[in-house]
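The residues making up each chain are set out below.
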Amino acid sequence: MSVKIVQQAFGGPEVLEPMNADTPTVADLAPDEVLVAVAAAGVNPIDVMTREGGGMAAAGVITLPFTPGWDVAGTVEAIGSSVTGLTVGQRVLGLACFPKEGRAYAEYVIVPAEDVTATPDNLTNEQAGGLPMAAMTAWQAFTDTTRVGPDQRVLITGAGGGVGHLAVQIAHHLGAHVTAIASTGKHEWLRGLGADETIDYRDNEAVAALTDTVDVALNLAAGSRESALQSVRAGGTLIALGGGSEDLAAQAEQAGIRFAATHVHTQRDWLESVVELAAQGIIEPTVSEVFDLAEAAAAHRSVESGHSTGKIVLSTTRQS
Ligand SMILES: NC(=O)c1ccc[n+]([C@@H]2O[C@H](COP(=O)([O-])OP(=O)(O)OC[C@H]3O[C@@H](n4cnc5c(N)ncnc54)[C@H](OP(=O)(O)O)[C@@H]3O)[C@@H](O)[C@H]2O)c1
């Protein structure tokens, strides 16, 4: 037997119930799947929204009962008959099946082999569990939604969160001048990650001074969406994540700003790109809080605060 979190209902954090279940075996695998002994599972705002019945539940992709979790890191326990390139005992990480049910909040999970790749030696399992969704989102924003490069000025709001702190590192790596908007306590850390300038979102004067100055704004915080819009020069790009941005899109269009609403998904080349950056030490996830798997509800409460620092992850006792 092993433990997994099961949601029998949508609602508050208390619906995240630890349950005993039969441990999957090699006999449960399709030819192209692997069984992963989970060491860590990242917690993302979309997990919270879906738990409440929004997010991927509202989209009709997730139905009850289900096991939450998409970010996964652990060790390959068994491989399907057609899987190549992965071996039993290897450390792996990935974004499991997103936006379909990922089932990563568990001691064991079956995932398509395509969704995972080797964990770099320089990452702990907890860092690996916090990397995929956040880093792939930032990578998508700056290399696919728009192409960020040298001589560009990039603004990132919500810069101190899971996506934001990796977006700062990726934009810096791509050669951009990076302005990070975050609460003051996170400024020194963000400058160490590559931000050229840091501004507190409560500093109205400094925020106003950004008007029409940046080429690309990545808005990761609902409270800073107007500031993000104002900061972009005509002809620049505003990238918003999440729904409910129709009014922002209309305002951007009126101001001659390109608007893009980005949605991450499991995609092999994005995973490989961010893992390579991590392997080279170009990006490094900061994990600020670790909760036991059975404390998933407490982890969700922390994410729900809306003021996370870097990533929050769940950990099993399986750190092999
Ligand atoms: N569409 C997609 O593909 C996609 C993918 C991933 C995430 N997302 C969305 O992107 C957003 C960010 O995700 P995340 O994982 O980075 O969230 P997170 O880890 O919870 O971080 C949010 C950050 O925003 C900061 N913040 C709060 N109010 C702010 C304000 N007014 N101005 C600037 N920063 C503020 C918070 O800390 P401080 O207040 O202390 O600075 C916190 O660091 C979420 O809405 C998430 O759902 C979308």
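All of these numbers come straight from a predicted model, not from anything done at the bench.

**Student:** Would you explain the packing of helix 4 (residues 132-145) against helix 10 (residues 268-279) in this entry?
**Tutor:** Geometrically, a packed helix pair is captured by the angle between its two axes and the distance between the axes. Where helix 4 meets helix 10, the closest approach of the two axes is 9 Å, and the angle between their N-to-C directions is 105°. For the element pair helix 4 / helix 10, the angle class is roughly perpendicular. Between helix 4, through P132, A135, M136, W139, Q140 and D144, and helix 10, the contact on the second element is made entirely by W270, L271, S273, V274 and L277. Its residues assigned to classes, the contact of helix 4 with helix 10 comprises eight nonpolar, two polar and one charged.

**Student:** Would you mind showing me how to read the site of the ligand here?
**Tutor:** Neighbouring the ligand are 26 residues, the closest being Y201, S224, V264, H307 and S308. Between the ligand and S224 there is a distance of 2.6 Å, counted from a nitrogen atom to a side-chain nitrogen or oxygen. In the model, an oxygen atom of the ligand is placed 2.6 Å from a nitrogen or oxygen of the S308 main chain. In the complex, 86% of the free accessible area of the ligand, which totals 920 Å², lies under the protein chains. Counting residues per element, the ones that place at least two in the shell around the ligand are helix 1 (45-51) and helix 5 (162-173). Of the residues forming the shell around the ligand, the biggest block, three residues, is contributed by helix 5. Class assignment of the residues belonging to the shell around the ligand gives a composition of 10 nonpolar, 15 polar and one charged. When residues of the shell around the ligand are assigned to domains, at least three fall in each of domain 1 (2-130 + 285-315) and domain 2 (134-262).

**Student:** Would you explain the packing of aromatic side chains in this entry?
**Tutor:** Aromatic ring pairs are reported here in terms of the distance separating the ring centres and the angle at which the planes meet. Taken as a whole, this structure holds two aromatic pairs when the rule is applied. Ring plane angle 40° and centroid distance 6.2 Å describe the contact between F10 and F66, whose orientation is recorded as tilted. Taken together, the positions of F10 in the loop between strand 1 (2-6) and strand 2 (17-21) and F66 in the loop between helix 2 (55-58) and strand 4 (71-79) put the pair 56 residues apart, joining distant regions of the chain. Residue F10 is classed as partly exposed on the basis of its relative accessible area, which comes to 33%. The buried category is assigned to F66, whose relative accessible area is 3%. Look at W70 and F98: their rings are 4.8 Å apart centre to centre, the planes differ by 90°, and that puts the pair in the edge-to-face class. Remark: F98 occurs in the loop between strand 5 (91-95) and strand 6 (108-112) and W70 occurs in the loop between helix 2 and strand 4; sequence separation between them is 28 residues.

**Student:** Explain the sheet that holds strand 12 (residues 232-241) here, please?
**Tutor:** By definition, the strands of a sheet pair up through backbone hydrogen bonds, in either a parallel or an antiparallel sense. Strand order in this open sheet of six strands is 10-9-8-11-12-13, and the pairing throughout is parallel. The strands lining the two open edges of the sheet, one partner per strand, are strand 10 (197-199) and strand 13 (258-262). For this sheet, the mean inter-axis angle between neighbouring strands, taken without regard to orientation, is 15°. Of the strands in this sheet, strand 8 (153-157), strand 11 (214-219), strand 12 and strand 13 touch helix 4, which is tilted by about 145° from strand 13.

**Student:** Which parts of the structure should I look at to understand the nonpolar core?
**Tutor:** A general feature of soluble globular proteins is that nonpolar side chains tend to end up buried together. Among the nonpolar cores identified, the biggest contains 48 residues, and L131, F142, I156, V168 and I283 are the most heavily contacted of them. Of all elements in the fold, only strand 5, helix 4, strand 8, helix 5, strand 9 (177-181), strand 11 and helix 10 reach the threshold of two or more residues within this core. When residues in this core are grouped by element, the largest group, eight residues, is from helix 4. Contacts of L131, omitting those with residues within four sequence positions, involve L93, L123, M136, L166, V274, V275, A278, I283 and P285. Of all hydrophobic cores here, the second largest spans 27 residues; its members include V76, V111, A113 and A296.

Reading the values: the criteria
- Residues numbered from 1 in each chain as written.
- Predicted model: local features only at pLDDT ≥ 70, side-chain atom pairs only at ≥ 80, totals over all residues.
- Heavy atoms only, no water.
- Axes fitted to C-alpha atoms, helices over the stretch in contact; angles between N-to-C directions.
- Helix = DSSP H or I, 4+ residues; strand = E, 2+ residues; numbered from the N terminus.
- Parallel < 35°, antiparallel > 145°, perpendicular 65-115°, else oblique.
- Contact = heavy atoms within 4.5 Å.
- Nonpolar A, V, L, I, M, F, W, Y, C, P; charged D, E, K, R; others polar.
- Near = heavy atom within 4 Å.
- Polar contact = N/O pair within 3.5 Å; in protein donor to acceptor, adjacent residues only side chain to side chain.
- Areas by Shrake-Rupley, 256 points an atom, 1.4 Å probe, with all protein chains shown as cover.
- Domains from an automatic or database assignment.
- Phe/Tyr/Trp six-rings, centres within 6.5 Å; stacked < 30°, edge-to-face > 60°.
- Buried < 20%, exposed > 50% of the residue type's maximum accessible area, 1.4 Å probe, protein only.
- Pairing = 2+ DSSP bridges.
- Core = buried A, V, L, I, M, F, W, Y, C linked by side-chain atoms within 4.5 Å.

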